[in-house]
Amino acid sequence: MNHRSYLMLAIPLIISTITTPLLGAVDTAVVGQLPDPAYIGAVAVGTIIFNTMYWLFGFLRVSTSGFAAQAYGANDDMQGVLALTRPFVVAIVVGVAFILLQWPIEHLFLTLISPESNVRALASDYFSIRIWGVPFALMNYVILGWLMGMSRIKISLMIQVSMNLMNIALSLLFVNVFSWAVAGVAVATLLSEIMAFIIGLIVIWKAVPFTFKRLPLKAIVDPASFKKMMSVNRDLFIRTLCLLTMFNIFTAKGASFGTEVLAANAVLIQIHYLMAYFFDGFANASSIFVGKAIGANDKQLYKKTLSLSCQWAIFSSCFIAGIYVLFGHNMIMLFTSIPSVIELANVYGIWIMLFPISASFGIIIYGVFTGATEAAPIRNSMILALVAYLIALFIAVPSFQNHGLWFSFIVFSIGRSVFLVMYIPRLNRKLFSVQVQNTQTIYS
C-alpha cells in the first residue's frame, strides 16, 4: 500500500463523513439568515442535545465498521452479516427508548444548558420534532458503518449526500417559503433521516451475501460475540461521554456570556465539526485498512497504515489550518448575516485555526485503534483529555471569559492527541503478540 491507495479510499470517505455535520450546519446556516440571533442559539442548543444522544451511541457506526472490516479481511460472509445484525438490534432498542423518555431528556438538557427564555422555547420546539428521528439516525449509523467496513464506500457516500441534499432543499423550503423558522429546519432534518434509512435498508438488503431468513438466531445472540462487541462499545461509549461532557460544558458556559456569544460560538463549532469530520475520513480509511490487516493477519499492511495515518495527520492539519486562515471570514458569513455575531465569531476564530493542528492525530489515529477493535486506549486517552480540559477551564475562564473557554477547548484537543499517540507502542506489541499466538483471537 502507498499514498495513492490510501487516498483512493480516504478521499471518498472524507466526502462521505464531512456530510455528517452538515445536518446541524445547514440548520444553523438557514436560521442564521433570520434577523434574531435567538434562532441560531436555539438551533445550537437543539443540536448539542441531539449530538449528545447520537454521539453517545456513535459506537454503533465505529465498532460496526471495525468488525465488518475484519470480517471482510477474513472473507467471512456470515460474520460480515452478523456484524450488521447485532448492532442493528441495539440501535432499534435505544432509539425507541429515547422516544419514550423524550420529556425528561428535554427537561434535563434545557435545565443544564439554561439558555435565555426565548432561546429555550425555540429549542424545545426543535427538540420535540427531531426526537422522532432518533431511531432512524441510529440505524443509519449501523448501516453506514457496515457499508464502510465492507468497503462499499461509494454507496455510503451516495446515501449521505442524498440525505444532506434533501435536508438543504427542505430547510430552504420550510424556512424561506413556509416561514416555519426553527420548526422548519427540524422537520427537514427528520424527513432527511427517514429517507436515508429507507435508502440504506434497500441497499443493505441487496448487498448481503445471503438472506436474513437463513441467519441463525443462535448466531445473532451468541454470548461471546456479543460480549466482545459490547466491550468495545462500552469503551467507545465512555470516550464519547467524555467528548460530550466537554461540549455540553462548553455550550453552557458560552450561553452564560449572552445570546450573541452563544450564537458566535455555535457558528465556530459548526466550522469545527466540518474540520473534525474531514479528519474522520482519514480515520475511517485507517480503520478499514487496519481491520483488513488484522482479519488477513497482514502485519505489513498494518504497519504501513499506521505510518500513512501519522503522515496524513500532519499534511491534512496544515491544509485545513491554511484554508481557514484564507477563507475563515467567508465561512463565518455562510452561517450568519448578523453583524454582531460575525464580529464576535471573527474575534474568537483564531482558536478554530489552532484546532486542526492540535486535534488531527487524536482523530486520525483513533481510526487505527477502532480498526483493531482496541477501544480501551481510546477511552483512557479521552478521560485524561477531559481532566486537562476541566483544569484549564477552572484556571482560564474566570480571567479570560470566552477566550478562556476556547483555550480550554484547544487544551482538550491537544490532550486527546498526545494521550492516544502514547498508546501506539502498546497497541503494536499487543497486536503482534496476539497474532503469533492465535490469528483469530482479535477477530473473534
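Residues numbered from 1 in each chain as written. Predicted model: local features only at pLDDT ≥ 70, side-chain atom pairs only at ≥ 80, totals over all residues. Heavy atoms only, no water.

What about the overall build of the protein?
Then, in step 1: For the protein, the helix and strand inventory stands at 17 helices and zero strands.
Then, in step 2: A compact globule built from 444 residues would reach a C-alpha radius of gyration of about 22 Å, and the protein, at 21 Å, matches this within 12%.
Then, in step 3: When the 444 residues of the protein are sorted by exposure, 60% land in the buried category.
Then, in step 4: Taking all contacts inside the protein whose residues are at least 6 apart in sequence as the whole, residues at least 24 apart take part in 85%.
Then, in step 5: In the protein, 25 side chains carry a positive charge and 15 a negative one; their mean positions are 15 Å apart. (Helix = DSSP H or I, 4+ residues; strand = E, 2+ residues; numbered from the N terminus. Rg over C-alpha atoms; globule rule 2.2 N^0.38 Å. Buried < 20%, exposed > 50% of the residue type's maximum accessible area, 1.4 Å probe, protein only. Contact = heavy atoms within 4.5 Å. Lys, Arg positive; Asp, Glu negative; His and termini not counted. Charge placed at Lys NZ, Arg CZ, Asp CG, Glu CD.)

Considering the state of the cysteines
Then, in step 1: Under the counting rule described, the total for this entry stands at zero disulfides.
Then, in step 2: C310 carries a free sulfur, and the closest cysteine sulfur to it, the one in C318, is 14 Å from it.
Then, in step 3: Residue classification places C310 among the partly exposed positions, given a relative accessible area of 25%.
Then, in step 4: On the basis of relative accessible area, C318 is assigned to the exposed category, the value being 52%. (Disulfide = S-S within 2.5 Å.)

Some details on the environment of A321
Then, in step 1: Within the secondary structure, A321 is located in helix 14 (residues 299-335).
Then, in step 2: Taking the C-alpha atoms as reference, A321 lies 7.3 Å from I357; in sequence the two are 36 residues apart.
Then, in step 3: If sequence neighbours within four positions are ignored, A321 has contacts with M353, P356 and I357.

With respect to the packing of helix 4 (residues 59-73) against helix 5 (residues 77-100)
Then, in step 1: The contact between helix 4 and helix 5 brings their axes to 8 Å, and the two run at 165°. When the interaxial angle is binned, helix 4 and helix 5 end up roughly antiparallel. Relative to helix 5, the crossing made by helix 4 is right-handed. Residue-level inspection shows L60, T64, F67, A68 and A71 of helix 4 in contact with helix 5, the latter providing Q79, G80, A83, P87, V90 and A91. (Axes fitted to C-alpha atoms, helices over the stretch in contact; angles between N-to-C directions. Parallel < 35°, antiparallel > 145°, perpendicular 65-115°, else oblique. Left-handed = near helix turned anticlockwise from the far one by under 90°.)

So, the side chain of R239
Then, in step 1: Topologically, R239 is positioned in helix 12 (residues 223-256).
Then, in step 2: One buried charged residue, R239, remains without a salt bridge, the closest side chain of opposite sign being D280 at 6.4 Å.
Then, in step 3: When neighbours within four sequence positions are excluded, R239 is seen to be in contact with Y366, I378, R379, M382 and R416. (Salt bridge = Lys/Arg side-chain N within 4 Å of Asp/Glu carboxyl O.)

Describing the packing of aromatic side chains
Then, in step 1: Applying the stated criterion across every chain yields a total of 25 aromatic pairs.
Then, in step 2: Residues F50 and Y54 carry aromatic rings whose centres are separated by 6.0 Å and whose planes lie at 45° to one another, so their mutual orientation is tilted. Taken together, the positions of F50 and Y54, both in helix 3 (residues 37-56) and four residues apart, correspond to about one turn of that helix.
Then, in step 3: For Y54, a relative accessible area of 5% translates into the label buried.
Then, in step 4: Every member of this aromatic cluster is reached through a ring pair, and the members are Y6, F278, F279, F282, F289, W312, F315 and F319.
Then, in step 5: Across from the ring centre of F50, 4.6 Å away, lies the NZ or CZ of R130, which sits over that ring. (Phe/Tyr/Trp six-rings, centres within 6.5 Å; stacked < 30°, edge-to-face > 60°. Lys NZ or Arg CZ within 6 Å of the ring centre and 35° of its normal.)

Some words on the packing of helix 1 (residues 3-18) against helix 9 (residues 153-177)
Then, in step 1: Helix 9 packs onto helix 1 with a crossing angle of 20° between their chain directions and a minimal axis gap of 8 Å. Considering their axes alone, helix 1 and helix 9 lie roughly parallel with respect to each other. The two elements helix 1 and helix 9 meet at a crossing, and its hand is left-handed. Note on element contacts: helix 9 touches helix 1 through I153, S156, L157 and Q160, opposite L9, P12, L13, I15, S16 and T17.
Then, in step 2: Looking at the contact of helix 1 with helix 9 residue by residue, the class counts come to six nonpolar, four polar and no charged. (Nonpolar A, V, L, I, M, F, W, Y, C, P; charged D, E, K, R; others polar.)

Section: the pattern of salt bridges
Then, in step 1: A full pass over the atoms with the stated rule returns five salt bridges.
Then, in step 2: Ionic pairing is found between D280 and R61, a salt bridge with its closest N-O pair at 3.3 Å. Remark: R61 occurs in helix 4 and D280 occurs in helix 13 (residues 259-295); sequence separation between them is 219 residues.
Then, in step 3: Overall, the relative accessible area of 9% leaves D280 in the buried class.
Then, in step 4: Overall, the relative accessible area of 14% leaves R61 in the buried class.

Regarding a nonpolar patch on the surface
Then, in step 1: Judged by side-chain polarity, I383, V387, I391, F394 and I395 come together as a nonpolar surface patch covering roughly 520 Å² of accessible area.
Then, in step 2: Inspection of the secondary structure assignment puts I395 in helix 16 (residues 376-421). (Patch = residues over 30% accessible without salt bridge, like charges linked within 9 Å, V, L, I, M, F, W, Y side chains within 5 Å. Areas by Shrake-Rupley, 256 points an atom, 1.4 Å probe, with all protein chains shown as cover.)

Looking at helix 16
Then, in step 1: For helix 16, spanning 46 residues, the distance from its first C-alpha to its last is only 13 Å, which falls clearly below the expected 68 Å at 1.5 Å a residue.
Then, in step 2: Of all the bends in helix 16, the greatest, near 150°, is centred on F400. (Expected span 1.5 Å × (residues − 1). Bend = angle between axes of the 7 residues up to and from the residue.)

Quick look at unusual backbone geometry
Then, in step 1: Positive phi, close to 60°, is recorded for S179, a residue that is not glycine.
Then, in step 2: Here S179 shows up in the loop between helix 9 and helix 10 (181-207).

Some details on the confidence of the model for the protein
Then, in step 1: Across the protein, pLDDT averages 85, with 90% of residues at or above 70.
Then, in step 2: Mean pLDDT values for the elements of the protein range from 60 in helix 11 (residues 217-220) up to 96 in helix 16.
Then, in step 3: This model gives residues 435-444 a pLDDT under 50, and the stretch forms 20 contacts once residues within four places in sequence are excluded. (pLDDT = per-residue confidence, 0-100.)

A look at the environment of G200
Then, in step 1: As for its placement among the helices and strands, G200 is situated in helix 10.
Then, in step 2: Counting along the chain gives 45 residues from G200 to I155, while the straight-line C-alpha distance between them is 8.7 Å.
Then, in step 3: Once residues lying within four places of it in the same chain are set aside, the contact partners of G200 are I143 and I159.

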